[in-house]
Amino acid sequence: MSGKAIQAIEISKRYGSTQAVRTLNLDVEESEFFSLLGPSGCGKTTLLRMIAGFETPSTGQLFVGGKNVLGVPPHKRPVNMVFQSYALFPHLSVAENVAFGLKSGPKIAQAEMTARVGEALNLVRLAHLSERLPAQLSGGQQQRVALARAIVNRPMVLLLDEPLSALDPQIREEMQSELARLQRELNMTFVMVTHDQGEALALSSRIAVFYNGNLEQIGTPKEVYERPSTAFVARFIGNTNLIEGTLVSSDSSSARVKLNNHKEVTIDNSTVNGAASGSKVLISVKPQALTISNQSDGLESKVIHRSYLGASTEYLVRSKLGTELDLRVAHVTGHSDAYDVGQDVFIDVDWKNCTILKNTEETGAGAFESRGEPS
Ligand code: ATP
């Protein structure tokens, strides 16, 4: 199992009648920045806590660095966890908080302890504040202390539970770059739980997307964004539009789909995700593949909502296909076109590079909003 930092085989977790994590297989390579992404309650934290040793899986096997860790208590696993709340000791200084991270490991001499604490504080750029108490630090600085404490004993894997969620947006962006830098400099495996798509796309080498306890897709940011394999992933990452149709035919490079208005479209560079000819499908279309105008033969639509976003305007339109479509128009110098709510417009779709998804009851457009509690 060399090269794998984490290997989860047929892992699942049930709490009473709640299936928090459905049976899954997942590998994380050494030195990866791997994210577990999904909305609240999807099971991502439960999986992280099983890796940390705070929860016992209901089924399956779990290896960290090739060693079976089931039955091994958290402090004896080669992992450390950074908690959302930072969990710093309020009565200990920054340096003492970081030194605490060395206490659970093998005993080391005071001089080495001081050197390692200094090195960890340098890595998070906090050496100048080592004597302060946590209450005398900003949120971002407290987060850095928590990070320093978690890396000071050089774990094989650093587990991060929504590490940036308590920070305000500006600091959050700054800390995103800090996390990326730290991971690169340490060349350590990071596994981060987040519900923020942008954060996962920006930081991760690979992302596992969860929904309702189910591992929906694992892939690079580009793969999950450009080639979602389920309707949930398509909608959750990148606000994708889903247009219903019937797959007429497909080959390795293109597909023909009949829309609900009986028009057929050819989709080049498409993936059909195993959908069979004749079956109901959803075409996943990115907002940037749509253009709005009042003089075209595109999809007849009506504007139902308009939001001014500064650099762009976002429109929500209802097309005559019965589907709502979301698109953005970037503001260029001299831009004057603005379509009003209630106005009839045409939507042109760039049908290249769209992904075709099976339209089953499980993955139907909007179905993920109404899916019930897992059982
Ligand atoms: P969040 O982002 O809100 O923390 P999450 O995706 O991390 O959500 P989990 O915390 O893993 O989700 O929870 C998954 C499911 O398991 C939820 O339905 C939750 O209510 C349930 N659950 C989690 N921990 C327990 C527990 N100790 N006992 C019972 N049910 C639990």
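Higher on the page you've got the structure.
Below or above, wherever it landed, is the structure these notes cover. Computed from a predicted structure; not experimentally measured.

All right, on to the overall build of the chain then. Along the backbone of the chain there are nine helices and 20 strands. Relative to its 375 residues, the chain shows a buried fraction of 49%. In the chain, the share of contacts with a sequence separation of at least 24, taken over all contacts with a separation of at least 6, comes to 66%. On the chain, roughly 17,600 Å² of surface is accessible, and the fraction owed to carbon and sulfur atoms is 49%. Both charge centroids of the chain, one from 37 positive and one from 40 negative side chains, sit 5 Å from each other.

Strand order in the open sheet formed by six strands is β6-β7-β8-β3-β9-β10, with mixed pairing between adjacent strands. Looking at which strands have only one partner, the edges of the open sheet turn out to be β6 (79-82) and β10 (214-219). Averaged over all pairs of adjacent strands, the angle between strand axes in this sheet comes to 15 degrees, irrespective of strand direction. Relative to strand β8 (residues 189-194), strand β7 (residues 157-161) is paired through five bridges, and the arrangement is parallel. Within β8, the position partnered with valine 157 by the bridge is threonine 189. Sheet strands touched by helix α4 (residues 139-151): β6 and β7. Its angle to β6, the strand with the most contacts, is close to 170 degrees.

Our next topic: unusual backbone geometry. The phi angle of most residues is negative, glycine excepted, and most peptide bonds adopt the trans form. With phi around 50 degrees, alanine 87 is a residue other than glycine that occupies positive phi space. As for its placement among the helices and strands, alanine 87 is situated in the loop between β6 and α2 (94-103). Located in the positive-phi region is histidine 262, a residue other than glycine, with phi close to 75 degrees. Following the sequence through the fold, histidine 262 ends up in the loop between β12 (254-259) and β13 (264-268).

Per the stated rule, a full pass over the model turns up six aromatic pairs. On the numbers, 5.2 Å between centres and 20 degrees between planes, the contact of phenylalanine 232 with phenylalanine 236 is stacked. One end of the pair is phenylalanine 232 and the other is phenylalanine 236, both in helix α8 (residues 231-236) and four residues apart, which spans about a single turn. Under the relative-accessibility criterion, phenylalanine 232 is labelled buried at 3%. Positioned above the aromatic ring of tyrosine 225, the side-chain terminus of lysine 286 is 4.2 Å from the ring centre.

As a further point, take the pattern of salt bridges. Taken as a whole, this structure holds 20 salt bridges when the rule is applied. Between glutamate 32 and arginine 206 there is a salt bridge, with the nearest N and O atoms lying 2.8 Å from each other. One end of the pair, glutamate 32, is in the loop between β2 (18-29) and β3 (33-37); the other, arginine 206, is in strand β9 (residues 206-211), and 174 residues separate them in sequence. With a shortest N-O distance of 3.0 Å, glutamate 324 and arginine 318 are connected by a salt bridge. Exposure remark for glutamate 324: the relative accessible area of 36% places this residue in the partly exposed category. Connected through shared salt-bridge partners, Arg125, Arg144, Glu174, Glu178, Arg181 and Glu185 make up one network.

Moving on to the sheet that holds strand β14 (residues 280-285). Read across the sheet, five strands follow the order β13-β12-β11-β14-β20 without closing on themselves; strand pairing throughout is antiparallel. The strands lining the two open edges of the sheet, one partner per strand, are β13 and β20 (355-358). Between one strand axis and the next, the sheet turns through 45 degrees on average, direction left out of account.

Consecutive side chains of a regular strand alternate in pointing toward one face of the sheet and then the other. As defined by bridge partners, strand β16 (residues 299-308) adjoins strand β19 (residues 344-349) across four bridges and the pair is classed as antiparallel. From the neighbouring strand, leucine 299 faces β19, where its bridge partner is isoleucine 347. As defined by bridge partners, β16 adjoins strand β17 (residues 312-319) across seven bridges and the pair is classed as antiparallel. Looking at β17, one finds that serine 301 is bridged to serine 319. Hairpin connection between β16 and β17: a loop of three residues separates the two successive antiparallel strands, and glycine 310 in this loop has a positive phi of roughly 90 degrees.

In the region of the ligand, 13 residues are neighbours, and Ser40, Gly41, Lys44, Thr45 and Thr46 sit closest. Measuring from an oxygen atom of the ligand, one finds a backbone N or O atom of glycine 41 at 2.7 Å. One of the side-chain nitrogen or oxygen atoms of threonine 45 is found 2.4 Å away from an oxygen atom of the ligand. Protein chains shield 59% of the accessible area of the ligand, which is 630 Å² for the free molecule. Here the residues of the shell around the ligand sort into four nonpolar, six polar and three charged.

Our next topic: the nonpolar core. Within the largest apolar cluster, 38 residues are counted, with the highest numbers of intra-cluster contacts made by Val98, Val117, Leu121, Leu147, Leu158, Leu160 and Leu179. Elements that contribute at least two residues to this core include exactly α2, α3 (110-123), α4, β7, α5 (169-186) and β8. With six residues, α4 is the single largest residue contributor to this core. Core analysis: the second largest hydrophobic core is formed by 29 residues, Ile267, Val272, Val345 and Cys354 among them.

About the criteria used
- Residues numbered from 1 in each chain as written.
- Predicted model: local features only at pLDDT ≥ 70, side-chain atom pairs only at ≥ 80, totals over all residues.
- Heavy atoms only, no water.
- Helix = DSSP H or I, 4+ residues; strand = E, 2+ residues; numbered from the N terminus.
- Buried < 20%, exposed > 50% of the residue type's maximum accessible area, 1.4 Å probe, protein only.
- Contact = heavy atoms within 4.5 Å.
- Areas by Shrake-Rupley, 256 points an atom, 1.4 Å probe, with all protein chains shown as cover.
- Lys, Arg positive; Asp, Glu negative; His and termini not counted.
- Charge placed at Lys NZ, Arg CZ, Asp CG, Glu CD.
- Pairing = 2+ DSSP bridges.
- Axes fitted to C-alpha atoms, helices over the stretch in contact; angles between N-to-C directions.
- Phe/Tyr/Trp six-rings, centres within 6.5 Å; stacked < 30°, edge-to-face > 60°.
- Lys NZ or Arg CZ within 6 Å of the ring centre and 35° of its normal.
- Salt bridge = Lys/Arg side-chain N within 4 Å of Asp/Glu carboxyl O.
- Near = heavy atom within 4 Å.
- Polar contact = N/O pair within 3.5 Å; in protein donor to acceptor, adjacent residues only side chain to side chain.
- Nonpolar A, V, L, I, M, F, W, Y, C, P; charged D, E, K, R; others polar.
- Core = buried A, V, L, I, M, F, W, Y, C linked by side-chain atoms within 4.5 Å.

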